[in-house]
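# Tertiary structure, described
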Amino acid sequence: MALIKCKECGNEVSTKAAACPKCGALGSKRTSPVTMVIAILFAIALLPLIFGSGTSEYRAPAVSPAPVTQSAAPATHLEIYSKFVPSLTINGKRVSRGITHDQFLAGFKFKRVGQQTWPDPQRPGGLVLIAWYSEAGQPFLLEWRRERDAGPYVLASISVPPT
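Residues numbered from 1 in each chain as written. Predicted model: local features only at pLDDT ≥ 70, side-chain atom pairs only at ≥ 80, totals over all residues. Heavy atoms only, no water.

## Some remarks on the overall build of the protein
Where we set the bar: By definition, any uninterrupted DSSP run of H or I lasting at least four residues is a helix, any uninterrupted run of E lasting at least two residues is a strand, and each is numbered from the N terminus. Each residue's exposure class comes from its accessible area (1.4 Å probe, protein chains only) as a fraction of the maximum for that residue type: buried when under 20%, exposed when over 50%, partly exposed otherwise. Throughout, a residue-residue contact means that at least one pair of heavy atoms, one from each residue, lies within 4.5 Å. Only the protein chains shown count as cover for residues, and all accessible areas are computed by the Shrake-Rupley method using a 1.4 Å probe.
In terms of regular secondary structure, the protein is built from two helices and nine strands. Listing every helix and strand of the protein by position from the N terminus yields β-β-α-β-β-β-α-β-β-β-β. Here the protein holds 163 residues, and 29% of them are scored as buried. Considering only contacts within the protein whose residues lie at least 6 apart along the sequence, 42% involve residues at least 24 apart. As displayed, the protein has an accessible area near 11,100 Å², and 58% of this comes from carbon and sulfur atoms.

And the structure:
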């Protein structure tokens, strides 16, 4: 049995005593090592649930594109654009995820080959706009998303054919 000082009055108290005999202050309970190990393992198990499993980027289902005009219809389907890239530089202009559709239209004059719009399956009220382009011999596909009808489209992903 060891003696420790009371946190309230400074009197020596046994580690096994429930309270200080002089002032009546309750002794601090120590957590057992087994309880600490279980708590740490539980916290580690909850981390993926709290912070997600890694990626929150949604990949749109591969569908046949709806061309802007009948003559501009591409010969292939969206499945050919299977390589996702963080950004794309064409003719010295860089396209990156996160820009709005208005910023894209104001800064880039790329030739749009086709587009398709549908409701976002993961966000009620949201919309997805897929547009494919061809510039300087480089075909690419841009996926735009907006959370509600009045909101701006934001570039969510850039896809190119695999090389």
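## Thoughts on the pattern of salt bridges
Rules: Every case where a carboxyl oxygen of Asp or Glu lies within 4 Å of a side-chain nitrogen of Lys or Arg is listed as a salt bridge.
Within the structure shown, the criterion is met by two salt bridges. The residue R145 makes a salt bridge to D120 at a minimum N-O spacing of 2.6 Å. Pair noted here: R145 is in strand 8 (residues 138-146) and D120 is in the loop between strand 6 (111-119) and strand 7 (127-135), with a separation of 25 residues, a long-range link. In this structure D120 comes out as buried when scored by relative accessible area, which is 5%. Relative accessible area serves as the criterion here: at 7%, R145 is assigned to the buried category. The structure contains a network of salt bridges with shared partners spanning D120, E143 and R145.

## Quick look at the sheet that holds strand 3 (residues 83-85)
Each strand in a sheet pairs with its neighbour through backbone hydrogen bonds, running either in the same direction (parallel) or in the opposite one (antiparallel). Selection criterion: Pairing between strands is defined by DSSP: at least two bridges between them are needed. For helices, the fitted line uses only the C-alpha atoms of the stretch in contact; every axis is such a line through C-alpha atoms, and the angle between N-to-C directions lies from 0 to 180 degrees.
If you trace the five strands from one edge of the open sheet to the other, you get 3-9-8-7-6, paired in antiparallel fashion. Two strands in the sheet have a free side with no partner beyond their single neighbour: strand 3 and strand 6. Taken pair by pair, the neighbouring strands of this sheet meet at an average axis angle of 25 degrees, ignoring direction. Sheet topology note: the strand 8/strand 9 (residues 154-160) ladder contains five bridges and is antiparallel. Bridging across to strand 9, L142 finds its partner in I158.

## A few points about the nonpolar core
How we decide: We define the nonpolar core as a collection of buried residues of types Ala, Val, Leu, Ile, Met, Phe, Trp, Tyr and Cys that are connected through side-chain atoms lying within 4.5 Å of one another.
Core analysis: the biggest nonpolar cluster contains 19 residues, and V95, F104, F110, Y133, F140, L142 and W144 have the highest contact counts within it. Elements with a contribution of two residues or more to this core: strand 4 (87-90), strand 7, strand 8 and strand 9. By residue number, the principal contributor to this core is strand 7, which donates four residues. Leave out the neighbours within four places in its chain, and W144 touches I99, T100, H101, F104, L127, V128, L129, Y133, Y153, V154, L155 and A156. Core analysis: the next-biggest nonpolar cluster, separate from the first, contains seven residues, V113, V128, I130 and L141 among them.

## Some words on the packing of aromatic side chains
Rules: Between rings of Phe, Tyr and Trp, where Trp is taken as its six-membered ring, a pair exists when centres lie within 6.5 Å; planes separated by under 30 degrees are stacked, by over 60 edge-to-face, and by other angles tilted.
What the rule picks out here adds up to seven aromatic pairs. Consider the rings of F108 and F110, whose centres lie 5.4 Å apart with planes at 35 degrees: the pair is tilted. Pair check on accessibility: F108 and F110 agree, each one buried. The rings of F104, F108, F110, Y133, F140 and W144 are connected pair by pair, giving a single aromatic cluster.

## Some words on the pairing of strand 9
Taking burial as the measure, the seven residues of strand 9 include six buried ones, the bulk of the element. Sheet topology note: the strand 3/strand 9 ladder contains three bridges and is antiparallel. Within the sheet, the bridge partner assigned to F84 lies in strand 9 and is S159.

## A closer look at a nonpolar patch on the surface
The condition is simple: Residues forming no salt bridge and having over 30% relative accessible area are the ones grouped into patches, like charges within 9 Å of each other and nonpolar side chains (Val, Leu, Ile, Met, Phe, Trp, Tyr) within 5 Å.
A cluster of nonpolar side chains, contributed by V37, I40, L41, I44 and L47, occupies part of the molecular surface with about 470 Å² of accessible area. Within the secondary structure layout, I44 lies in helix 1 (residues 33-51).

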